[in-house]
Each structure stands twice: as C-alpha cells, then as structure tokens.
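Fold and contact review
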Amino acid sequence: MTMVSVAGASGYAGGEALRLILAHPDLEIGALAAHSSRGPIGDYQPHLLPIADRELVELDPARLADSDVVILGLPHGASGEITAQILDINPDVRMVDLGADHRLENADDWESFYGSGWSEPWAYAMPELMRTGMSQRDILASSTLIASPGCNASAVTFAAQPAISSGIASGTGIVASLAVGYSGAGKAMKSHLMASEAIGSLMPYAVGGTHRHIPEIVQNLRHAGGTLNSLSFTPVLAPVVRGIIATVSIPVHPGTNSSDVTEAYRSAYEGEPFVRWSETPPTTGVVTGSNAALVHAVLDRDGERLTAICTIDNLVKGTAGAAIQSLNLSLGLPETVGLTSIGVAP
C-alpha cells in the first residue's frame, strides 16, 4: 500500500482527494494536516465516515515528508514554500499540488496573474492533454512531482484542443463562457458566497481577461499547436454545488465543414477512459461525482466558428480526480484505478 498524506484536508479539494483515496485499493491515508483547523476531520468533512475520528495536525513539513505521497490542497501561493521544505527532507517523496503554484511554465505569467514569486513547474496532471513530442501520459508516468490543473482550465482545454490539434483552428479569437458551481470558490467565508446571495442568482466574476486560469489555458492550447496569446474568458457562478459547463466559441479555418468538426472531436477522444465525445450537448448532472468529461462540438450555421461544450465535475475531473488519475500513472498503476466515469443521478 502507498501512504498518502493530505495537507489542506479540511477544504473542499482536500476532502475530495480523501474521498477518492478511501475508495482506492492501493492507497491508504497518512497524516491529515491543515493550516488552522484542528480537531477530528469529521468536524469539517462529515461525509468521510471511515476516518471521522482522525485528528487534523499542523502543516509540518517533516510530518508530511514521512509519507510515500503528499497531496496539497492549499490556497494559491501557499504550496511553493512548503513543497520545497518537504523535498529538502525527503527528495524521494511524490507530491501532487491541487493548487496553482506549480502549473505555469512562464514566470511572467505567474507574477502577472498571481502577484507573487514563481515556483518551478511540475508535470501537468492532464493525461489527455494534446501536445507535440512526448505524450502527457508518458511525462506523468516518469514524474514524481505533479501539478493538478485548474477546473475551469480543464473544461476549456477539453473543449478547445481537438479543434487546434486537428488543424481546423489556430486558437486565435476563442471566446469561452462558463457556468461554475460554488464549490469551486472554496470554503472561505465571504459575503458573496452566502446562500442568501447565491440562491436564485447568477454572478459573473474575474471578467475582462483577469481570471487566473487564462494563462494556463493558453499554455495548454499552445502545446496542442495553437498560436494564441490570450482568449476571452468569462466564468459565472451558478447556484449549484458542483459542476462546470464551458461553452467555447472557436474560429475555424475557411472551408471547414460539419464533418471535419465531428471527426476532429470524435477521433481526439476515441479510446479515452474519462474524456468522451457526447452525441448531444451534455449537462453537468450527468458527470456529477464522476471523473468523466463530456464534450460536444458543432459547426456554427455561418461556418466561421464552431461551438464546443464540455461538462465536468469541478471537484473530481476538475481537481482531485485528475490528481488521482495522474498519481496512478506515476505509481505505475492503471490510470482508472479508484475512479469512475459513472455519474450520480438524479
């Protein structure tokens, strides 16, 4: 068995990682750490019944380093320092960061969007990422340090990369609009996240090209062969707990027809265990609780753009599920172990 300690165990991302670990036949839970939360984990994650009595401990690098794997579900900007300390103590430990600290390959992008010091990029936890050269699966299989993707970035990447990789689009002029469940905002107590503000209302945020996932999406689509430098990206908080639906409008090259679009997307995800072509525009309810991503695309009536739609559970395929899938590859296990593509319905 592989022992996995979780830092940030009281938060949504950490709690989801623990839920998946508990169902994984080859992983066992080590230390449960948090920045300020103390007491039984059941006080913060009451759904994790098998470990409800386990105590949360302080974020001690030495305690975390005494594990085979460390998963970090910490706020953005908080992982870089502690991961460096853990590696100083145990250079052989595997780590998976659920935050943004190790996602971006360009220091200027990080400093521009996050406003703090850049940390070394790790292997990006998206096995389905389309790229030239070495496949992302092979990169993950040979890596011990893994950066989980952003949930919004995952949905837009899955929706856009087949068009770029197939050559029917360059990526320039992409417009992405997303409806996002409130769990993506974390557990922080903020007035705009209160039920009285959220229920019955839709709330756009990080508008005008300011969202932190923009450089991550651009980075991904460049790996797929895109020539873009930016994109229009507008997320909207929707009054649901889980789920993202990304509607992505992509300019296509002249002469592209409907069959080209369907073939590009069908072939891109053929054989994938979790990212799949959907014959009809998918809904978030179909993927709730699963590691699945469903993608549908259609050529617009005027033939100048295609519209691609992707739905994911932001906490599973958008965060913790991608982490476990990639950790499986790193450990030499089948990437599907401990994960399901079956949603919870109704």
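Predicted model only: the values in this text are computed from it and were never measured.

Definitions and limits used
- Residues numbered from 1 in each chain as written.
- Predicted model: local features only at pLDDT ≥ 70, side-chain atom pairs only at ≥ 80, totals over all residues.
- Heavy atoms only, no water.
- Helix = DSSP H or I, 4+ residues; strand = E, 2+ residues; numbered from the N terminus.
- Rg over C-alpha atoms; globule rule 2.2 N^0.38 Å.
- Buried < 20%, exposed > 50% of the residue type's maximum accessible area, 1.4 Å probe, protein only.
- Contact = heavy atoms within 4.5 Å.
- Areas by Shrake-Rupley, 256 points an atom, 1.4 Å probe, with all protein chains shown as cover.
- Lys, Arg positive; Asp, Glu negative; His and termini not counted.
- Charge placed at Lys NZ, Arg CZ, Asp CG, Glu CD.
- Core = buried A, V, L, I, M, F, W, Y, C linked by side-chain atoms within 4.5 Å.
- UniProt positions renumbered as here; feature names shortened; annotations may be inferred.
- Pairing = 2+ DSSP bridges.
- Axes fitted to C-alpha atoms, helices over the stretch in contact; angles between N-to-C directions.
- Parallel < 35°, antiparallel > 145°, perpendicular 65-115°, else oblique.
- Left-handed = near helix turned anticlockwise from the far one by under 90°.
- Nonpolar A, V, L, I, M, F, W, Y, C, P; charged D, E, K, R; others polar.

Scanning the chain from N- to C-terminus turns up 10 helices and 15 strands. A compact globule built from 346 residues would reach a C-alpha radius of gyration of about 20 Å, and the chain, at 19 Å, matches this within 12%. Viewed in the frame of its principal axes, the chain has a C-alpha envelope of about 60 × 50 × 40 Å. By the burial criterion, 53% of the 346 residues in the chain qualify as buried. The long-range fraction of contacts in the chain, counting pairs at least 24 apart against all pairs at least 6 apart in sequence, stands at 72%. By element, 53% of the accessible surface of the chain is carried by carbon and sulfur atoms, the whole surface being about 14200 Å². If the 18 positive side-chain charges of the chain are averaged to one point and the 34 negative ones to another, these points end up 5 Å apart.

Further remarks concern helix 8 (residues 214-223). Summarising burial for helix 8: nine of the 10 residues are buried, a large majority. When we look at burial in helix 8, the residues that qualify are I214, P215, E216, I217, V218, Q219, N220, L221 and H223. Just downstream of helix 8, G225 is the residue with a positive phi angle, here 110°.

Moving on: the nonpolar core. Residues Y265 and L306 are the most contacted members of the largest nonpolar core, which totals 46 residues. If you list the elements that add at least two residues to this core, you get helix 6 (151-165), strand 9 (175-180), helix 8, strand 12 (244-251), helix 9 (258-268), strand 13 (275-277), strand 14 (293-299) and strand 15 (305-312). It is helix 6 that provides the largest number of residues to this core, a total of nine residues. Excluding anything up to four places from it in sequence, Y265 contacts F158, A159, A160, P162, A163, I250, W277, V295, A297, L306 and A308. Ranked by size, the runner-up nonpolar core spans 31 residues in total, among them L32, A34, I41 and V96.

A few words now on the UniProt feature "domain: Semialdehyde dehydrogenase NAD-binding" (unreviewed entry) in the chain. In this structure's numbering, the residues bearing the UniProt feature "domain: Semialdehyde dehydrogenase NAD-binding" (unreviewed entry) are residues 3-137. Along residues 3-137, the helical share is 27% and the strand share 19%, with 23 Å between the first and last C-alpha atoms.

Our next topic: the UniProt feature "active site" (unreviewed entry) in the chain. With numbering aligned to this structure, UniProt lists the feature "active site" (unreviewed entry) at C151. Note that C151 resides in helix 6. The buried category is assigned to C151, whose relative accessible area is 12%. Filtering out sequence-adjacent residues up to four positions away, C151 remains in contact with H213, I244, I312, N314, G318 and T319.

Moving on to the pairing of strand 15. Counting buried positions along strand 15 gives six out of eight residues, so the element sits mostly inside the fold. Note that strand 12 and strand 15 share eight bridges and pair antiparallel. Each residue of the ladder has a partner; that of S249, found in strand 15, is T307. For strand 14 and strand 15, the ladder comprises seven bridges, and the chain directions are antiparallel. Across the sheet, the residue bridging to H296 is I309, located in strand 15. Linking two consecutive strands that pair antiparallel, namely strand 14 and strand 15, is a turn of five residues; a positive phi of about 75° is found at G303 within it.

Where helix 1 (residues 12-22) meets helix 10 (residues 316-330), the axes come as close as 9 Å, and the angle between the chain directions of the two elements is 50°. On the basis of the axis angle, helix 1 is oblique to helix 10. Helix 1 and helix 10 meet at a crossing whose hand is right-handed. In this structure, helix 1 contributes A13, E16, A17, R19, L20 and I21 to the contact, and helix 10 contributes V316, T319, A320, G321 and I324. Considered class by class, the residues forming the contact of helix 1 with helix 10 number seven nonpolar, two polar and two charged.

Pairing within the open sheet is mixed, and its seven strands lie in the order 10-11-9-12-15-14-13. Because the sheet does not close on itself, it has two edges, and the strands there are strand 10 (203-204) and strand 13. Relative to strand 14, strand 13 runs parallel, the two sharing three bridges. By the bridge assignment, V275 is partnered in strand 14 with A293. Where helix 6 meets the sheet, its contacts fall on strand 9, strand 11 (232-237), strand 12, strand 13, strand 14 and strand 15, and the angle it forms with strand 12 comes to roughly 35°.

Residue P346 follows A345 across a cis peptide bond; omega there is 0°. Structurally, P346 can be placed in the segment after helix 10. With a phi close to 50°, A206 is a non-glycine residue in the positive phi region. For A206, the position within the fold is in the loop between strand 10 and helix 8.

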